[in-house]
Structure formats: structure tokens, C-alpha cells
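Now for the letters of each chain:
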Amino acid sequence: MEQPTEATRAVLHVLPLVLDLGGTFVFAISGAMVAVRHRLDIFGVLVLAFAAGNAGGITRDLLIGAVPPSAIADLKYSGVSALAGLLTFYWYPVTHRLRRDVQWLDAVGLAFFAVAGAEKALLHGIHPIMAALLGMVTGIGGGMLRDVLVSEIPAVLRADLYALAALAGASVVVSAHLLHLHPMVAALLGGGLCFALRFMAIRYGWHLPTAQPPQEEAADAPRRRHHDEGN
Amino acid sequence: MEQPTEATRAVLHVLPLVLDLGGTFVFAISGAMVAVRHRLDIFGVLVLAFAAGNAGGITRDLLIGAVPPSAIADLKYSGVSALAGLLTFYWYPVTHRLRRDVQWLDAVGLAFFAVAGAEKALLHGIHPIMAALLGMVTGIGGGMLRDVLVSEIPAVLRADLYALAALAGASVVVSAHLLHLHPMVAALLGGGLCFALRFMAIRYGWHLPTAQPPQEEAADAPRRRHHDEGN
Amino acid sequence: MEQPTEATRAVLHVLPLVLDLGGTFVFAISGAMVAVRHRLDIFGVLVLAFAAGNAGGITRDLLIGAVPPSAIADLKYSGVSALAGLLTFYWYPVTHRLRRDVQWLDAVGLAFFAVAGAEKALLHGIHPIMAALLGMVTGIGGGMLRDVLVSEIPAVLRADLYALAALAGASVVVSAHLLHLHPMVAALLGGGLCFALRFMAIRYGWHLPTAQPPQEEAADAPRRRHHDEGN
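From a predicted model like this one, the values you see are computed outputs, not experimental measurements.

Focus on the overall build of chain A
A count of helices and strands for chain A gives 9 helices and 0 strands. Listing every helix and strand of chain A by position from the N terminus yields α-α-α-α-α-α-α-α-α. Residues counted as buried form 58% of the 231 residues belonging to chain A. Nonlocal contacts in chain A, meaning residues at least 24 apart in sequence, comprise 74% of its contacts between residues at least 6 apart.

Examining the packing of helix α6 (residues 99–123) of chain B against helix α7 (residues 128–149) of chain B
Residue and element names in this part refer to chain B. Relative to each other, α6 and α7 sit at 145°, their axes nearing to 7 Å. As for the relative orientation of α6 and α7, their crossing is right-handed in sense. Of the residues in α7, those touching α6 at L110, F113, A114, G117, A118, A121 and L122 are P128, A131, L134, G135, T138 and G139. Residues that form the contact of α6 with α7 fall into these classes: 9 nonpolar, 4 polar and no charged.

Side note on the nonpolar core
Grouped together as the largest cluster of nonpolar side chains are 138 residues, with contacts concentrated most on L157 of chain A, L157 of chain B together with L157 of chain C. Excluding residues that lie within four positions of it along the chain, L157 of chain A makes contacts with M144 of chain A together with L40, D41, G44, V47, L48 and L149 of chain C. Counting 77 residues, the second largest nonpolar core, distinct from the first, contains I126 of chain A, V173 of chain B together with A71 and A121 of chain C.

Quick look at helix α4 (residues 75–90) of chain B
Residue and element names in this part refer to chain B. For α4, which comprises 16 residues, the first-to-last C-alpha distance of 23 Å matches the rise-based estimate of 22 Å (1.5 Å per residue) to within 8%. Taken together, the buried positions of α4 are occupied by Y77, S78, S81, A84, G85, T88 and F89. One face of α4 carries all of its buried residues, which in axial projection span an arc of 130°. Where α4 begins, the side chain of D74 points an oxygen toward the backbone nitrogen of K76, at a separation of 2.9 Å.

Focus on the side chain of S81 of chain A
All names here are of chain A. Tracing the sequence through the fold places S81 in helix α4 (residues 75–90). A polar side-chain atom of S81 sits 2.8 Å from the main-chain carbonyl oxygen of Y77. Those residues within four positions of S81 in sequence are excluded, and the remaining contacts are T24, A28, A49, F50 and N54.

Remarks on the relation of the copies chain C and chain A
Each of the two chain copies goes to the other by way of a rotation about an axis and a shift along it. Its rotation angle being 120°, the transformation that places chain C on chain A also includes 0.0 Å of axial translation and leaves an RMSD of 0.0 Å. On the angle and the small slide along the axis, the relation comes out as a three-fold axis. In terms of C-alpha distance to the rotation axis, chain C has S151 of chain C as its closest residue, with the C-alpha 3.4 Å off the axis. Taken together, the interface assignments show that only 18% of the residues at the interface of chain C recur at the interface of chain A, consistent with different surfaces on the two copies.

Re the interface of chain B and chain A
Of the residues lining the interface, 41 residues belong to chain B; the matching set on chain A comes to 39 residues. Looking at the side of chain B that touches chain A, the elements that each hand over two or more residues are α2 (42–64) and α7 of chain B. Ranked by the residues each element gives to the side of chain B that touches chain A, the list is headed by α7 of chain B, at 8 residues. Broken down by class, the residue content of the side of chain B that touches chain A amounts to 25 nonpolar, 9 polar and 7 charged.

Here we look at the environment of A132 of chain A
Residues and elements named next belong to chain A. Topologically, A132 is positioned in helix α7 (residues 128–149). By relative accessible area, which is 7% here, A132 ends up buried. Through-space distance from the C-alpha of A132 to that of A168 is 8.2 Å; in sequence the pair is 36 residues apart. Those residues in contact with A132 that sit more than four places away from it in its chain are L167, A170, S171 and V174.

A few points about the side chain of K120 of chain C
When you line up the elements, K120 of chain C lands in helix α6 (residues 99–123). By relative accessible area, which is 14% here, K120 of chain C ends up buried.

A look at the packing of α2 of chain B against α4 of chain B
Residue and element names in this part refer to chain B. Contact geometry for α2 and α4: axes closest at 8 Å, N-to-C directions at 130°. Between α2 and α4, the crossing angle belongs to the class labelled oblique. Crossing handedness for the pair α2 and α4: right-handed. Only Y77, S78, S81, A82, G85, L86, F89 and Y90 of α4 make contact with α2, whose side of the interface consists of I42, V45, L46, A49, F50 and N54. Residues belonging to the contact of α2 with α4 are distributed by class as follows: 10 nonpolar, 4 polar and no charged.

A word on the UniProt feature "transmembrane region" (unreviewed entry) in chain A
All names here are of chain A. Here, the residues flagged by UniProt with the feature "transmembrane region" (unreviewed entry) are residues 12–35, 42–63, 75–92, 129–149, 161–179 and 185–206. For residues 42–63, helix accounts for 100% and strand for 0%, while the C-alpha atoms at its two ends are 31 Å apart. What you have in residues 75–92 is 94% helix and 0% strand, and the ends, taken at the C-alpha atoms, are 25 Å apart.

Overview of the relation of the copies chain B and chain A
Each copy superposes on the other: chain B lies on chain A with an RMSD of 0.0 Å after a rotation of 120° and an axial shift of 0.0 Å. The two copies present different faces, since only 17% of the interface residues in chain B are matched by interface residues at the equivalent positions in chain A.

Description of unusual backbone geometry
Residue and element names in this part refer to chain B. Along the chain, V67 connects to P68 via a cis peptide bond; the corresponding omega equals -5°. Assignment of secondary structure puts P68 in the loop between α2 and α3 (70–73). With a phi angle near 55°, R39 is a residue other than glycine that sits in the positive phi range. On the basis of relative accessible area, R39 is assigned to the partly exposed category, the value being 23%.

Let's talk about the interface of chain C and chain A
Every contact between the two is made by 39 residues of chain C and, on the other side, 41 residues of chain A. Of all residues in chain C, R37, R39 and F43 of chain C give up the largest surface area on contact with chain A, accounting jointly for 22% of the area buried on that side. Applying the counting rule to chain C against chain A returns 0 salt bridges. The interface formed by chain C and chain A includes 2 residue pairs in polar contact (both at pLDDT 80 or more).

What about helix α6 (residues 99–123) of chain A?
Helix length check: α6 of chain A (25 residues) gives 35 Å between terminal C-alpha atoms against 36 Å at 1.5 Å per residue, within 8%. Phi for G125 of chain A, located one or two positions after α6 of chain A, is positive at around 75°.

Examining the pattern of salt bridges
The final tally for this structure, using the stated rule, is 15 salt bridges over all chains. A salt bridge links R146 of chain A to D147 of chain A; the nearest nitrogen and oxygen atoms lie 2.8 Å apart. The class for R146 of chain A is buried, based on a relative accessible area of 1%. D147 of chain A gets classed as buried once you look at its relative accessible area, which sits at 1%. K76 of chain C serves as the salt-bridge partner of D74 of chain C, at 3.2 Å between the closest nitrogen and oxygen. Accessibility expressed as a relative area gives 18% for D74 of chain C, which makes it buried. Residue classification places K76 of chain C among the partly exposed residues on the basis of a relative accessible area of 43%. One network of salt bridges, in which partners are shared, links D20, R60, D61 and K120 of chain A.

The rules behind the values
- Residues numbered from 1 in each chain as written.
- Chains lettered and ligands numbered in written order.
- Predicted model: local features only at pLDDT ≥ 70, side-chain atom pairs only at ≥ 80, totals over all residues.
- Heavy atoms only, no water.
- Helix = DSSP H or I, 4+ residues; strand = E, 2+ residues; numbered from the N terminus.
- Buried < 20%, exposed > 50% of the residue type's maximum accessible area, 1.4 Å probe, protein only.
- Contact = heavy atoms within 4.5 Å.
- Axes fitted to C-alpha atoms, helices over the stretch in contact; angles between N-to-C directions.
- Left-handed = near helix turned anticlockwise from the far one by under 90°.
- Nonpolar A, V, L, I, M, F, W, Y, C, P; charged D, E, K, R; others polar.
- Core = buried A, V, L, I, M, F, W, Y, C linked by side-chain atoms within 4.5 Å.
- Expected span 1.5 Å × (residues − 1).
- Arc of directions from axis to C-beta.
- Polar contact = N/O pair within 3.5 Å; in protein donor to acceptor, adjacent residues only side chain to side chain.
- Least-squares fit on C-alpha atoms with pLDDT ≥ 70 in both.
- Parallel < 35°, antiparallel > 145°, perpendicular 65-115°, else oblique.
- UniProt positions renumbered as here; feature names shortened; annotations may be inferred.
- Buried area = accessible area lost by both parts, 1.4 Å probe.
- Salt bridge = Lys/Arg side-chain N within 4 Å of Asp/Glu carboxyl O.

So this is what it looks like as C-alpha cells:
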């Protein structure tokens, strides 16, 4: 398949929307849950839902020059985010009881975002390697902003295979693209790998090696924090 | 009035500038006051003044594709911010004694920003609902970055009717636009509502309902913070 | 020299790349060292290396409308950042023993970034005064994001002459440009001043005056933090 057909082009355009909205919903729930746990007011819950659901995609769109970003140009994104925020705020006990399922949904959302992010970057003519990285950014950006807004170190920076799963999935999408596979096949392969890695990480505690600074250099060592950062 | 006249167009272009600069000044003072309270150096005070005064508008401009953002293209914004920062740094006791008045000025600034943000988004062809949200973003973005930079959870995420006042004001501007009212009328109505809501919130402690997580789920419960965030 | 020659134009285009990549490398090392000290996993180390090395330039590029930013369009930036991150992760004791040298390298990186940032902004037709400020933003943006991501107040907001050195260097570049000096001369003068100021600040503890709020107003006074911020 040298030149994409019209149908292929259509899929390339529609697929990101479907994946994006699904991912937005589950990520928005994760943002709203963090907000509830920090006793924010209902507006704060909606903001964190929107931030967690859309910051990754907005960052990607700004970086590839797709302005205004989908999350601004298309009302569906804020609608889906607001819905997730309200559900979480008013039915927190339910959402919380379903927490383990949310964790699986979140893995699905990550897979959706990683695939959609890579597809969209490719579509905008970004170099394949950067497209894979932008797929990862799409997947992790929302969670990072969510954590920064409640003044915590983003969980993804020390969590079990979270970003790596996104990067692996996005890389498969990009490779499949270079091999001229159908974008739907690329999405299934890449999304599947991302979900599988995340599944194994949650189930078996897979994680990446952690930095082990000499004890007295660690940031949690008493009274060293603001010294010798070296800027 | 089907088609805007030349005069109306002129107002549409000039109004945001006037409102923006006024809002920038009072927001920059709020940023500088937070910086002083955290014992930053004079440069840190100027950075927080600029951030609080301009981050909302810069975010709006990046999102609607108005690049370079006004705060970069037009020197007046940095000038006004620097002035506010220097005044606060060298006359902190005075600024601080006027704190209650600053609170009212801040309400005026919020009204200015909400109106200016919504007008500018409409002018760039953004959907009316998103234009209202972008008016709100213009109003709250600066305060959010200010708080993130001093490692605190943004006050707006749990404060009394702050963002809601901005959203209400911006929504009135957008509705007035859809009803083909004169933009000056829209600005007065929207800005007035925003200020009135903020006034009531400050005076009578109006606030939004706050999330009440089960005690052991709250982020301030001992030693739970970095577990089970679920990413 | 009224019109720049072809050779001058070439230098104007190549110089920022060389300076940017050098600055990216040393800043990425500073980001990775902070990550190691916070016991992030290897992915977190790579993210902080990329953030510290590239956030300043990406911010500048988004603000001047140079999209996609160099750090996205050009693989060399992520490559250099990843290299710095891996070196720091696997040879932390070595990197750490070389800490004093890294401090000097960091001063060189700051000089590179300040010069490159100002040159690129001028090249995009930004007003000279804003171009100087954008040179400074290029120099300090990475370190600010690095610190925000580990939930600390950016060191640059209270550090010894860090941002001022960048601003001074960038201002010299801009002034030299207005005087029609050769861009290479501008780079040497501006970069030299930036490095010299930073050198003096490190060696002799030069610093800016710090805000001295009345004791009971300081953010570190017990139990005052979340009150009366005035939004």
C-alpha cells in the first residue's frame, strides 16, 4: 500500500477522536478522584478532571502546531470531562468502590491516548521518533499536571511502567506506520501492547530501576533540600 | 444590528487592551505579595508579578492561536507587571496595609480579565461555550501559576466562588454577543456580574460545596498520600 | 553593515543550534541529578533531564510562534537529553563528584541559552526588549520546570544572580544587534557577561536583595499559609 486510500485517511482522522474521548473520560475520573481526596470544592474537582483528561492532548497539539487544540476547538472534550467530574463528585463512594476497575479503565485510557497521540503527530508530519515520544506525552501529560496542581511529585515519575507502557505502545503505532500497515491494525497492536504492559505492571508489580543516591544526598535527607541544587 | 460597524469593531479591539492592562496590574500585585511572603529575591518578586499578571492571558492566546501572545508582542504588559512588582517590593508595608482594598481591586481585575478573555476568544472565532471557559481561564490562570510556583495548591481550586464568578461574567459576555448587544454593554453586564458575585463571596463567605472524602481516603490522612493514586 | 550578508545569516541560523545543544546537555545533567536525589525511577530521570534541558527553549518557541519547537522538530535535543540522563543515572557518583565542575558547566549552559534565546527571538521579529526577556526565559525555564516537577519552589526565584546573569547576557546580545555588530561578536560579549556574572555570584556569593516581610506575614510563619492570600 503505497498511498493511503480515502477510507484509510478517514480512519486516520476519526480514530484519534474516538480514542481521545474515551481516554479523556477515564483520565478525568482519575483527576476528579485526586481532587476529592484533597477536599477541593466542586469547581476544583471539575478543573482537575479537565486537566487530567486534556493536558496531555493539549500539550501535544501545541507542540505540533495543531491550534486551537482539539480540547478547545471541540466541545465534546470539556463535556466528557465535566461529566466525569460531576459523577465523581456526587458519587464518590461508588467511584471509589470501583477503584480497582478504574485502574483497569485507566490502563485502557493510557492505551487510547498513546495510540491517538502518535497517530496525530504522524499525521502532522512529525518525525517518527518524536511522534512516539509525543504519544507518550499525550498519555502522561494529564496525570502530571493533575499531580503538580495538588503540589505532589507526579506519580508517573516513579510509578511502575506507566510511561514506558505508553512509549512502547506509541512506538508500535509508529513502526506499523513505517511498515505501511493499516492504521487500525497499528492502533490494535500498539494499544494492546500498552495495555498488556500496564496489566503486568499492576498485577505483578513490575517497575523500573530507581535511582539510589548516597544517603546524605537524597532529597528526603534532613535539611539538605534547598542547598547545593547547583541550579 | 446585523453587521458590526467600524466603531464597534474598534471597541472590540481596544476594549480587551484596556481591560487586560488593568487586570494585569492588580494581579501582578497579588503575585508580588505572595512572593514577598515567601521571601523571594527581587527577581523572584518580578517573576511572580509577571506570572500572576500574564499567565492567564498567555494561556488563552496560545490556546486560540493568537501568537505571539499580547503579553509578549506588547511591551505594556511587562511594563505594568514590573511596575506592580517594584511597588510591592519596595513598599510592601503600604501594599500590605491596603490589603483589603487590594482584595477589591483583585475582584475588579478578575472582572476585567474574564470579559477581555471571552471577547478575544469570540473575536478569534472560538465556539461561544469555549469562549466563556477561556474567559474564565484568562481570569484564573495567573493565580494558578503563581501558587504552583511557590509549591502550593492553587487557592482558586478551593476558594470562595472565585472561578465561578469569572465563568459567570464571561458567560454573560458571550450571551450578549449572541444577542448582538453592543460589546461595551456586554462588558459592563458581564464584568458587573463577576464583580458582584466576588463581592458577595468576600463579604458573606459564599462558597461552593467541598468534596468530603471518607476520612481515611483524604490526602491529609497520615501516610496515605503517595499510595493508591491509581495514576 | 546595513544588510546582513549571506554568511552572517548562516551564522545567525547555525549559532543558536550549537549553543542550544551545549546548553541542553548541561541543563539535562542538572535535571537528572535532581531526579536521582528524589529517588525517581530511570524514566523519571529521563523526563527531568528532558524538562530541564528543553523547557526553556520550548517555552520561547511557543511564545514566538516557532512551531513545532526545535526540541520537537529536531531529534538532536532529545538525544542529547537522554544521553545526559543515562550518564547521570548510571554514573551518579562520578557526576556527583564532578559537581563543582557541573556548576561551572551550568554557568556556560546558561550563557549559551541566554544568547541563543535572544538571537532566535530577534530572528523572529520580536521587539528587542522582549527578545532580551525571552533570552532570559530560555535560560531559566528548564530549571523552573525541573523544580516544579519535584514540588519545590524554583531555586532561580531566590538564587544568587542566576536570572539576572541571563538577562544581562541576553540584553548585550540585543544591544549588539541594534548596533549592527556581527552576531558572533554579540554572542561572545553577551555570553561572556552572563558567565562572568554567574562566576562572581558563585565565587563571592553575590545575590539580590531579598524580600523581608513582617515576621507574622511570612509564608513560613506557622499556620498562616493558606489564609489571606487574597487570591
